[in-house]
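Summary of structural features
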Amino acid sequence: MLTEGFVGWKRVAALATLAMLLAHGAAGAQSAADPHAAHPPDKTGGTTAAQPDAAGTSSARDSGSMAGMPMGTTPPAGAPMGDDDHAAHHPDKAGSMAVPQPAPADGMPAQSSSSMNGMPMSATPPADASAGDDDHAAHHPDATASMPASSGASMAGSMGGMMAGSMGGMMDDMMRGCRGDECGRDRRLNKLLYPQLMALPDLPPERRASVEQLAHHRMHEGIQLLASLSSEASHAVQRNDYGGLQEASDRMRVAWGEFDSGLSAYRALAEGQAPRGIALAWFRREMNLTDPLTTAPAHGVFGLSGFHYFTMALLLAFALLAAWMYVARTRRTNAVLATLRTGAPVPPAPAAAPRSGVAPAPAASVFPGVPAEGEPQARAPVSTMGGWVGKLRVARVFQETPKVKTFRLAPVEGVGALPFEFEPGQFLTLSVHSGGNQVKRSYSIASSPCCHGWCDLTVKHESGGIVSGYLHEQVKEGDLLDASGPYGRFTFRGVESDSVVFLGGGVGITPLMSSIRYLTDQSWNGRIDLVYACKDLESVIFRDELNQLARRHPNLHVSIVLSDESSAAWTGPRGFITAELLGQIPQIRSRRIHLCGPSVMMDAVRNELGKLGIDLASVHSELFLSPSRTVPPGLEVSAGDTATAVTCSFERSGKKAPLAAGQTVLEAAEEVGVPIEYACRQGYCGLCKIKLLSGEVTMDVDDGLTPLDRSSGVILACQAKASADISVDA
Ligand SMILES: Cc1cc2nc3c(=O)[nH]c(=O)nc-3n(C[C@H](O)[C@H](O)[C@H](O)COP(=O)(O)OP(=O)(O)OC[C@H]3O[C@@H](n4cnc5c(N)ncnc54)[C@H](O)[C@@H]3O)c2cc1C
Ligand code: FES
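Fair warning: this is a prediction, and the values are worked out from it, not measured in the lab.

**Re the sheet that holds strand β9 (residues 556-562)**
The strand order across the open sheet built from 5 strands is β9-β8-β7-β10-β11, with neighbouring strands paired in parallel fashion. Both outer strands of the open sheet, β9 and β11 (620-623), are each paired with one neighbouring strand and no more. Along the sheet, successive strands turn relative to each other by an average axial angle of 10°, direction set aside. Here strand β7 (residues 499-505) runs beside strand β10 (residues 592-597); their pairing, made up of 5 bridges, is parallel. Looking at the pairing, F502 lines up with H594 of β10. Against the sheet, helix α19 (residues 543-552) contacts β8 (527-534) and β9, and its axis sits at roughly 150° relative to β9.

Here is the structure:
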């Protein structure tokens, strides 16, 4: 509403301005046609007439300033003539007319100006000036006679009616280019032409003839005046009277306006042109208004220039570049964050392409499953059934005892984090080629999971052993080993209970050592008791380190038991792990117990624990037992054994195999070429799980099974033995 009102007021103001200018211009023009214009201009009059612009401009300027409307522009062509005439009749006022005066001095009260500012001028441009003319006629019957009565129906009439009362008369004077009460005394000069053109189509014939006569008269007067002024100018040139020349020039411009206004009106009548269009064109020209429809001709596709399209393309390219930079930066940030999470080395930022334009390709990995150099590594999460298969580089080899070596394994690149995570007590499975066969052996990780960059495998050299012999005799620093893992549930990291008892024998210390290292790394506050059985002092693995840790961590209590130590220097326990020794461990019956070592040692310890009334089922244990046979394992089955064998049907493969007494399902499957995956062959990793379809089996170790596995008929092929025919899903 406010906007509409504002627009409406603007229109009103513009129309009122048009009306006032039309009236003003017409007044001057009519004055030129008035008989008074024929009076030879005296010096005063000449001076006044020689400054028509000043008078006219003053009038227009005053009007504009009073009304607050844009009227301070070039005065209408005929206006000065009106002022000339007026000055000729009122020389006393002519001076004041010629020189712009402040409004109050001109006789126009200042408050009138201000009151006009708020005057509602919503009427259409006045088409008649009858009121003003009538009023004029009352004072100048002669002038009224020369002015058709119908003119009052046009511009001045409307404006006069609109501006009733004293303000109406004042407005009429202003529109006619008058100031103060001058026009009020000489309204004979008001002979409107352009306002009459606005209402020309509606003019009656007699009024039309009057306008035609008036237009003709203007042209005639204009031409005569031009001729006279031309002569005047010529004389001024001869006299080198530049002031006179300037004066003549100014008056010639006014005379030309006189002629032009008459010609326009005459053509409108003679050629049938729209008089209103002529009046409006004159108004635009005088007000320096451009035609909105012709100011900006459309050009180019969709009316847009080439520069416009170029600018748009430039902005679009900039936006695309910014988006690409954002995506690249986000990817780089994500890569760095992922690397920081896994501990792998930060991948280098993509290098700038060489001059050849061919970007350098990252060095391809020569090992399957091993990321190439520079590629970010993601560590395989902790799992009881492996999840990672690949190569590790032997970084260091430590001689722990005469028969035991530690192999420190690191990523193939030699730097960064291991490609997998593990828990203390888990193991890896190594695969070595021996005699054309692939042989797998499992080895506990002895180091702490706090060491992300490497892990230790501590291996005892078994007499005649395939893998332990290979490791001890052939493997050196820098070699690569095929490994998989980690596996196993024989883990303790301090959250399972608030204290723990570790019972180990020989190389069986390795998974227990991983937990001890981890717990002390974490400064775990729970009580740790280690009872470690070895043959003699020189076979005690990690002896110095254990003593040092016990000194630094008062919650760690280490007790080493030597069975064959001959030295009298040894003051510690001798013999084997007995119930008496175990009974000295505080609250052993209620504490968590982990047991690991050779089978003979483990059997003996179990017996002693039983003596203390400890539930053996609650004892966590892991047996370091080598597979009874190497690949191919079934070759060692004797004919006699085969004769007593039952049958194992591998339903999915459609094969059957004899299952000798003591032979596992895994061994039987390998005889007939049925593939079953495996790692530890000791019932710990769970890789050899298969579904039992019919029959019954027994398993010495089933640590690799979950309760759900057991309830759903899943068995461990490496442990399953049968005394009657069975069928399995393999
Ligand atoms: C979960 C797990 C973790 C383990 N962790 C470790 C560890 O940390 N450190 C470690 O040193 N060991 C560990 N072991 C044991 C390891 O896996 C191997 O069993 C051990 O290294 C021996 O393997 P080998 O290939 O060297 O010997 P094998 O060739 O398997 O022989 C083992 C022994 O059996 C004898 N033998 C081989 N074949 C026959 C046969 N037909 N008849 C009679 N005797 C035979 C050999 O002479 C040898 O003394 C672990 C075992 C398991 C299951
Ligand atoms: S091979 Fe590991 S449980 Fe059977």
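**A look at the confidence of the model for the protein chain**
The predicted model of the protein chain averages 72 in pLDDT, with 59% of residues at 70 or higher. Here residues 338-376 is a poorly scored stretch, pLDDT under 50, and it has 42 contacts once near neighbours within four places are set aside; other chains count. Here residues 629-640 scores under 50 on pLDDT; set against residues more than four positions off or in separate chains, the count is 20 contacts.

**Section: the nonpolar core**
Ranked by size, the top nonpolar core spans 29 residues in total, and within it F502, I509, I516, I528, L530 and Y532 carry the most contacts. For this core, the secondary-structure elements that each account for two or more residues are β7, α18 (509-521), β8, α19 and β9. The leading source of residues in this core is α18, at 6 residues. Ignoring sequence-local partners within four residues, the contact set of I528 consists of V500, F502, I516, L519, N555, L556, H557 and R591. L659, A668, V674 and I726 belong to the second-largest nonpolar core, a separate cluster that totals 26 residues.

**Remarks on unusual backbone geometry**
Backbone torsion omega between G485 and P486 reads -10°, so that peptide bond is classified as cis. Summarising the element assignment, P486 is placed in strand β6 (residues 480-487). Unlike most non-glycine residues, R681 shows phi in positive territory, near 60°. Position of R681 relative to the elements: it lies in the loop between α23 (665-672) and β14 (689-694). A residue is classified by how much of its surface remains accessible, and R681, at 9% relative accessible area, is buried.

**Re the environment of E400**
Of note, E400 is situated in strand β1 (residues 385-401). The exposure class assigned to E400 is partly exposed, which follows from its relative accessible area of 31%. Among residues more than four places away in sequence, those in contact with E400 are K405, T406, T458, I541 and F542. There is a polar contact of 2.6 Å between the side chain of E400 and the side chain of T406.

**Some words on the sheet that holds strand β12 (residues 646-650)**
Across the sheet, which stays open at both edges, the 5 strands sit in the order β13-β12-β16-β14-β15 with mixed pairing between neighbours. Every other strand in the sheet has two partners, leaving β13 (655-659) and β15 (714-716) as the edge strands with one partner each. Here the strands of the sheet are splayed against their neighbours by 40° on average, with no regard to which way each runs. Looking at chain direction, β14 and β15 are connected through 3 bridges and run antiparallel. Along β15, the bridge assignment pairs K691 with V714.

**Quick look at the packing of aromatic side chains**
In total, this model carries 5 aromatic pairs according to the counting rule given. Judged by centre distance (5.0 Å) and plane angle (40°), the ring pair of W388 and F420 falls under tilted. In this pair, W388 sits in strand β1 while F420 sits in the loop between β2 (404-410) and β3 (427-434), placing the two residues 32 residues apart along the sequence. Seen in terms of ring centroids, F492 and F502 are 6.1 Å apart; in terms of plane orientation they differ by 80°. Their pairing is edge-to-face. One end of the pair, F492, is in the loop between β6 and β7; the other, F502, is in strand β7, and 10 residues separate them in sequence. Of the aromatic side chains, those joined through ring pairs into one cluster are W388, F420 and F422. Cation over ring: R517 sits above F542, and NZ or CZ is 4.6 Å from the ring centre.

**Observations regarding the pairing of β3**
Among the 8 residues in β3, 6 count as buried, and that is most of the element. One ladder, built from 8 bridges, connects β3 with strand β4 (residues 437-444); its direction is antiparallel. Counted as the bridge partner of S434 is N437 from β4. Between β3 and β4, which follow one another and run antiparallel, lie 2 residues, and G435 among them has a positive phi close to 60°.

**Here's the deal with the site of ligand 1**
Ligand 1 sits among 24 residues. The nearest are R441, Y443, K460, S468 and S626. Between ligand 1 and R441 there is a distance of 2.8 Å, counted from an oxygen atom to a side-chain nitrogen or oxygen. One of the backbone nitrogen or oxygen atoms of I466 is found 3.0 Å away from an oxygen atom of ligand 1. Taken by itself ligand 1 offers 960 Å² of open surface, and the protein chains cover 77% of this. Those elements giving two or more residues to the shell around ligand 1 turn out to be β4, β5 (455-460), α17 (466-473) and β11. Residue classes in the shell around ligand 1 are distributed as 10 nonpolar, 9 polar and 5 charged.

**Re a nonpolar patch on the surface**
Together, V301, F302, Y309 and M312 make up a nonpolar patch on the protein surface, roughly 450 Å² of accessible area in all. Residue position: F302 is located in the loop between α15 (275-287) and α16 (306-342). Relative accessible area serves as the criterion here: at 77%, F302 is assigned to the exposed category.

**Things to note about the pattern of salt bridges**
By the definition in use, this model includes 17 salt bridges. For K391, the salt bridge is made with D482, and the minimal N-O distance between the two is 2.6 Å. Of the two residues, K391 is situated in strand β1 and D482 in strand β6; the sequence distance between them amounts to 91 residues. Given the relative accessible area of 18%, K391 is considered buried. D482 sits in the partly exposed class, given a relative accessible area of 30%. With a closest N to O distance of 3.6 Å, K721 and D700 form a salt bridge. Of this pair, K721 sits in the loop between β15 and β16 (726-729) while D700 sits in the loop between β14 and α24 (707-711); the two residues are 21 residues apart in sequence, bridging distant segments of the chain. Each of R527, D529 and R591 takes part in salt bridges that share partners, so that together they form one network.

Basis of the calculations
Residues numbered from 1 in each chain as written. Chains lettered and ligands numbered in written order. Predicted model: local features only at pLDDT ≥ 70, side-chain atom pairs only at ≥ 80, totals over all residues. Heavy atoms only, no water. Pairing = 2+ DSSP bridges. Helix = DSSP H or I, 4+ residues; strand = E, 2+ residues; numbered from the N terminus. Axes fitted to C-alpha atoms, helices over the stretch in contact; angles between N-to-C directions. Contact = heavy atoms within 4.5 Å. pLDDT = per-residue confidence, 0-100. Core = buried A, V, L, I, M, F, W, Y, C linked by side-chain atoms within 4.5 Å. Buried < 20%, exposed > 50% of the residue type's maximum accessible area, 1.4 Å probe, protein only. Polar contact = N/O pair within 3.5 Å; in protein donor to acceptor, adjacent residues only side chain to side chain. Phe/Tyr/Trp six-rings, centres within 6.5 Å; stacked < 30°, edge-to-face > 60°. Lys NZ or Arg CZ within 6 Å of the ring centre and 35° of its normal. Near = heavy atom within 4 Å. Areas by Shrake-Rupley, 256 points an atom, 1.4 Å probe, with all protein chains shown as cover. Nonpolar A, V, L, I, M, F, W, Y, C, P; charged D, E, K, R; others polar. Patch = residues over 30% accessible without salt bridge, like charges linked within 9 Å, V, L, I, M, F, W, Y side chains within 5 Å. Salt bridge = Lys/Arg side-chain N within 4 Å of Asp/Glu carboxyl O.

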